Every structure is written in structure tokens, then in C-alpha cells.
Amino acid sequence: MLYIGEIASLMVAFLWSIGPTCFTLAGNRIGSWVVNRTRMIYALFLVMIIHLIIYGSLLPFDANLYRWVWLFLSGVIGLGLGDIALFYAFTTIGTRLSMLIYSLAPVISAIAGIIFFKEKLSYIQIIAILITVAAISYVGVFSKEKKEKLDIEDSKKYWLGIVAAILAAIGQALGLILSKMGIVGDFPAMSGLAIRLLGGTVLIWGMTVFQGQIKSTIQSVKNDNKSHFYILIGTLTGPIGGIYFSLLGLKYTTLGMASVLQSLSPIFLLPIGAIIFHEKITWKAIIGTIIAMIGVAMLFLG
């Protein structure tokens, strides 16, 4: 199928606009740490069941050590450390601004792809990356209501959220690099997803055990059915659907192109923000969206 990697990467952007919205709604109710711990357990359990049905084992135990090391580390850095920072940003500076800053990941990934994988981008693709990232930034800035920053009274907490979002972008980029190294060749994307989720889950729940917060985490989710629902939907669209298509995109297109297309979540967050958070969509936001789509078209042409 033509452009299977690009289509899969665009699907990631759509799913990752739904997931963060659900996780933000849940995080505002029971806390970002609880949400992150819970969704990792759900995601790993569901993916292991799917892997058992398709391949006959809960995890790809027949994969060589090389793949296990890179994909496990990818999960630790991208889904573990990176998402801890991202979930904190969701509940401090909001979904939109968090995802906007998160869009720095493609720039890091594209440069890394050239350095580590000797990938080559045409001049059109380079310009397309710049246009797309600039348009995402434009949309993220002007589609937000001016009062949003004013609602954040604690400036220290606000800047910690900014730093957390930047760290999340770095974690995402490093996670993609490690995934690319582990997913090369004829290796199922679902198997790669299972190993990545295992790595992230081991890190997050290892920290939970160390902090002695297992009981409080379970109790928080148990006492809030609405948050439980949000986490489940967010898990199905994010850690499962989103990451699966992310790995699929990495298999069939370059690291830089996959990263850029997968970063278009702020575009999809426009209608979602209008419906869920009752945000006003301005003409400036619409123009930015059109420019971003032009950038995506240039990536295809390039």
C-alpha cells in the first residue's frame, strides 16, 4: 500500500489528540501520577492478550536480545520517563500547550535520523518540516484563550510544567530513535509495542513500589468511575492504538517524516478543544491549520 508509513503516522496524531484529552480530564480529578500508572497496566495487559491471540505468546520471547534491549530501553525512556513529564505538564499548563511544546520532538528526531541512521531529507522535506512545526506552533499559540495563562497563579508551577513538556519532547525523540533501532527488519509492530510497554510499566511501577503508593493508586481509581472511564478510553487510543501505529509508521517511512506527521496532534485538538473544553476557534487558528496541512502535503511530494 502506498504511503502506509505516512498514513499510519497521521493516524497516530489523531489518536494522540484523543488520548491526552482523556488523560487530562482524568488527571484533573485524581492526579497525573495515578492516571499514568493505571493506563500503563491497562495497556500492557491488553497488548499482551492481543499478542497471545495473534502470535501465541504473551510477549515476543523468541525475539533476539538486540531487539529486547533497544525496545525495552525505548519504553523506559519514551513511555516511562517521557510520559511522566508529559502527564505532569497536562495538569499544570494544559493539554494544548503541552502538546505544542511536545511538537519539538520531530526536530530532535529528524536531526538524530540524519546522524544515526544516515537518513536523507530533500530540500522540500526540510522546508516542509519547518513549515509544519511553525504552523503547529502558530495554531497552539493563537487558538488558546488569552485568559488561560492568567488562570495559572503559581508561576513556579507553570514554568515547571513548561520544562516538563520540553523533557517529554526529548524523551519522545529518544524513544523513537531506540524504537527505530529495535524494530528494523521483519519484526511485528505489535511485538515491538509489547516490549516497549513492558519497559515503561516496569519503570513506572518500580517507582510506585519504591514510593509505597500502590494501595493509594488503586483506591483513587476505584473511587472515581468517571476517571476510570477516561483512562480506559485514553489507553485504547494512546498507549495501544497510537503506539502501534507509531511503530508501523517507523517501519515504512523515515524517522524524521514519521515524527513530524505524528506531531500533528495540536491540529486535531482544535475541534476536540472546542467540543470538550468549549474553546473558541479563531481565524488565526484555522489559517495555521491550513498552513500545517500544506506542510504535510509537501512532505508527501518531497
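Residues numbered from 1 in each chain as written. Predicted model: local features only at pLDDT ≥ 70, side-chain atom pairs only at ≥ 80, totals over all residues. Heavy atoms only, no water.

**Notes on the overall build of the chain**
Heads up, the condition is: A run of H or I in DSSP becomes a helix once it reaches four residues, and a run of E becomes a strand once it reaches two; helices and strands are each numbered from the N terminus. Each radius of gyration reported is based on C-alpha atoms, and the globular scaling rule is 2.2 Å times the count of residues to the power 0.38. The classification of residues rests on relative accessible area computed with a 1.4 Å probe and restricted to protein chains. Under 20% of the type maximum is buried, over 50% is exposed, and intermediate values are partly exposed. Contact between two residues is taken to exist if any of their heavy atoms lie within 4.5 Å; hydrogens are not considered. Residue exposure ignores everything except the shown protein chains as possible cover, and the areas themselves are Shrake-Rupley values with a 1.4 Å probe. His residues and chain termini do not enter the charge count, which takes Lys and Arg as positive and Asp and Glu as negative. Charged side chains are reduced to one point each, which is NZ for Lys, CZ for Arg, CG for Asp and CD for Glu.
Across its full length, the chain carries 14 helices and zero strands. Listing each helix as α and each strand as β along the chain from the N terminus yields α-α-α-α-α-α-α-α-α-α-α-α-α-α. Relative to its length of 302 residues, the chain is compact, with a C-alpha radius of gyration of 18 Å against a globular reference of 19 Å. Expressed as lengths along the three principal axes of its C-alpha atoms, the size of the chain is roughly 50 × 45 × 30 Å. Residues classed as buried in the chain amount to 54% of the 302 residues present. A separation of at least 24 residues holds for 88% of the contacts in the chain among residues at least 6 apart in sequence. When the accessible surface of the chain is summed, it comes to about 13900 Å², and 73% of that surface belongs to carbon and sulfur atoms. Computed over 21 positive and 12 negative side-chain charges, the inter-centroid distance for the chain is 2 Å.

**Overview of the environment of Thr201**
Within the element layout of this structure, Thr201 appears in helix α9 (residues 189–211). For Thr201 and Tyr123, which are 78 residues apart along the polypeptide, the C-alpha to C-alpha distance reads 40 Å. In contact with Thr201, not counting residues within four places along its chain, are Met40, Ile41, Leu44 and Gly206.

**Notes on helix α13 (residues 265–276)**
Here is the rule we go by: An expected span of 1.5 Å times one less than the residue number is assigned to each helix.
Between the first and last C-alpha of α13 there are 15 Å, a value that for 12 residues agrees with the 16 Å anticipated at 1.5 Å per step. Turning to α13, its buried residues are Ser265, Pro266, Ile267, Leu269, Leu270, Ile272 and Gly273.

**A look at the packing of helix α1 (residues 4–30) against helix α12 (residues 255–262)**
Test applied: Here the axes come from fitting lines to C-alpha atoms, over the contacting stretch only for helices, and the angles between their N-to-C directions go from 0 to 180 degrees. Helix crossings are classified by the rotation of the near helix relative to the far one: an anticlockwise turn of less than a right angle makes the crossing left-handed, while a clockwise turn makes it right-handed. Put simply, Ala, Val, Leu, Ile, Met, Phe, Trp, Tyr, Cys and Pro go in the nonpolar bin, Asp, Glu, Lys and Arg in the charged bin, and everything else, Gly too, in the polar bin.
Where α1 meets α12, the closest approach of the two axes is 7 Å, and the angle between their N-to-C directions is 35°. Crossing of α1 over α12 shows right-handed handedness. Contact with α1, carried on its side by Glu6, Ser9, Leu10, Val12, Ala13 and Trp16, involves Met257, Ala258, Leu261 and Gln262 of α12 and no other residues of that element. Residues that form the contact of α1 with α12 fall into these classes: seven nonpolar, two polar and one charged.

**Thoughts on the pattern of salt bridges**
Under the convention used in this document: A pair is scored as a salt bridge if a Lys or Arg side-chain nitrogen falls within 4 Å of a carboxyl oxygen belonging to Asp or Glu.
Considering all chains together, one arrives at two salt bridges under this definition. For Asp224, the salt bridge identified is with Arg29, shortest N-O distance 3.2 Å. With Asp224 in the loop between α10 (214–222) and α11 (225–252) and Arg29 in helix α1, this pair connects stretches of sequence that are 195 residues apart. On the accessibility criterion, Arg29 (45% relative accessible area) is partly exposed. Between Arg39 and Asp83 there is a salt bridge whose closest N-O contact spans 2.5 Å.

**Considerations on the side chain of Arg67**
Take Arg67: it is sitting in helix α3 (residues 65–93). Buried and without a salt bridge, Arg67 has Asp186 as its closest oppositely charged side chain, separated by 7.6 Å. Residues within four places of Arg67 in sequence aside, it is in contact with Phe72, Gly182, Ile183, Val184, Gly185, Asp186 and Phe187.

**Focus: empty space enclosed by the protein**
In plain terms, the rule: Using only the protein atoms, space was sampled on a 1 Å grid; points where a 1.4 Å probe fits but cannot get out form cavities, open sets with protein on both sides within 12 Å along at least five of seven lines form pockets, and lining residues are those with an atom within 4 Å of a point. Grid points are joined across faces, edges and corners, and a volume is the space filled by probe spheres set on the points.
Applying the stated criterion across every chain, the model contains two cavities of 30 Å³ or more. Considered as a void within the structure, the largest cavity measures approximately 250 Å³ in volume. The wall of the largest cavity is formed by 21 residues, among which Trp16, Arg39, Asp83, Leu86 and Tyr102 lie closest to the centre. Mapped onto the lining of the largest cavity, the elements with two or more residues apiece are α1, α3, α4 (95–102), α8 (155–183) and α11. Approximately 100 Å³ is the volume attributed to the second largest cavity.

**Looking at the nonpolar core**
As a rule of thumb, nonpolar side chains are buried together in soluble globular proteins. Our working definition: The definition of a nonpolar core used throughout is a set of buried Ala, Val, Leu, Ile, Met, Phe, Trp, Tyr and Cys residues joined through side-chain atoms within 4.5 Å.
Core analysis: the largest hydrophobic core is formed by 37 residues, its most contacted members being Val35, Ile93 and Leu97. Counting residues in each nonpolar core, the second largest holds 35 residues, with Met48, Leu59, Ile183 and Ala258 among its members.

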